[in-house]
Amino acid sequence: MIVKLNLIAAACENMGIGKNNNLPWRLKTEMEFFTRMTTKTEDINKKNVVIMGRRTWDCIPKKFKPLNNRINIVLSRSDLDLTNFTDVYGFKSLEECIERLEEEEFQKLYENVWVIGGSHIYKESMESDNFYRLYLTKILKDFDCDTFFPKLPDNLKQVSDPEVPDGIQNEKGIEFVYNVYQNPTFQN
Ligand SMILES: NC(=O)c1ccc[n+]([C@@H]2O[C@H](COP(=O)([O-])OP(=O)(O)OC[C@H]3O[C@@H](n4cnc5c(N)ncnc54)[C@H](OP(=O)(O)O)[C@@H]3O)[C@@H](O)[C@H]2O)c1
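Reading the values: rules and limits
- Residues numbered from 1 in each chain as written.
- Predicted model: local features only at pLDDT ≥ 70, side-chain atom pairs only at ≥ 80, totals over all residues.
- Heavy atoms only, no water.
- Near = heavy atom within 4 Å.
- Polar contact = N/O pair within 3.5 Å; in protein donor to acceptor, adjacent residues only side chain to side chain.
- Helix = DSSP H or I, 4+ residues; strand = E, 2+ residues; numbered from the N terminus.
- Nonpolar A, V, L, I, M, F, W, Y, C, P; charged D, E, K, R; others polar.
- Pairing = 2+ DSSP bridges.
- Buried < 20%, exposed > 50% of the residue type's maximum accessible area, 1.4 Å probe, protein only.
- Contact = heavy atoms within 4.5 Å.

1. Thoughts on the site of the ligand
At step 1: Taken together, 29 residues sit near the ligand, with R54, T56, S76, S119 and E124 positioned nearest.
At step 2: The separation between an oxygen atom of the ligand and a polar side-chain atom of R55 is 3.1 Å.
At step 3: Between the ligand and the protein, one listed contact pairs an oxygen atom with a backbone N or O atom of G118 at 3.0 Å.
At step 4: Those elements that place two or more of their residues in the shell around the ligand are β1 (5-11), β2 (16-18), α2 (54-59) and α5 (119-127).
At step 5: Ranked by the residues each element gives to the shell around the ligand, the list is headed by α5, at five residues.
At step 6: Partitioned by chemical class, the residues of the shell around the ligand number ten nonpolar, 13 polar and six charged.

Structure below.
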């Protein structure tokens, strides 16, 4: 079975996603959306996979690490010591990670695969044949950022997902919209 990569990100007007190894904003409802989308499974015996770059892993506060009820995968070209954590795997490349996720034994353990950043991992994922969907929260405000979401492929089609709220959301005066895009090479 082909591994389908679902990307999930929040970006502001200038497509910024991060500042000083952190998120440039605090949006509780958006964070709850991220947690719900990346955690929910139909099969209660399975978990989802979250794939992230080493810097995003480093950004997660100690008390939330690893992201709970999810199989955490960290990409790094170095040898990371992840032995203190359960359900956390390290891979040296996205390719190597996908190869492992394709293994039948591993497929029994997980339901959906979510790529949760950062910048280069999003880019490489969108260039991959395994790229399925992008869940992009567009924050309708400018923030000072030093990390940016890569250029979106031109051919993406906007789709709807019943799990995703419609329309403009508002938290403490900051407006944002949940968008879902699909790679057109996938019919469904
Ligand atoms: N708004 C959002 O939705 C969102 C989501 C995620 C992150 N962020 C923000 O983005 C920033 C972090 O993102 P980032 O782009 O700077 O870093 P990142 O992608 O999280 O991590 C970069 C690191 O990942 C490893 N890496 C990247 N590509 C790899 C590959 N193909 N194979 C193996 N390893 C690879 C390398 O680790 P080594 O150096 O160890 O080799 C690289 O230095 C933070 O500010 C964070 O808060 C925002």
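The structure having been displayed, the exposition proceeds.
2. Here we look at the pairing of strand β6 (residues 110-115)
At step 1: Relative to β6, β1 runs parallel, the two sharing three bridges. From the neighbouring strand, L7 faces β6, where its bridge partner is V115.
At step 2: As defined by bridge partners, strand β3 (residues 47-53) adjoins β6 across four bridges and the pair is classed as parallel. Paired with V50 across the bridge in β6 is W114.

3. Description of the side chain of S125
At step 1: The residue S125 is located in helix α5 in this model.
At step 2: Looking at S125, the relative accessible area reads 0%, which means it is buried.
At step 3: The residues contacting S125, other than those within four sequence positions of it, are L5, L7, L94, V115 and F131.

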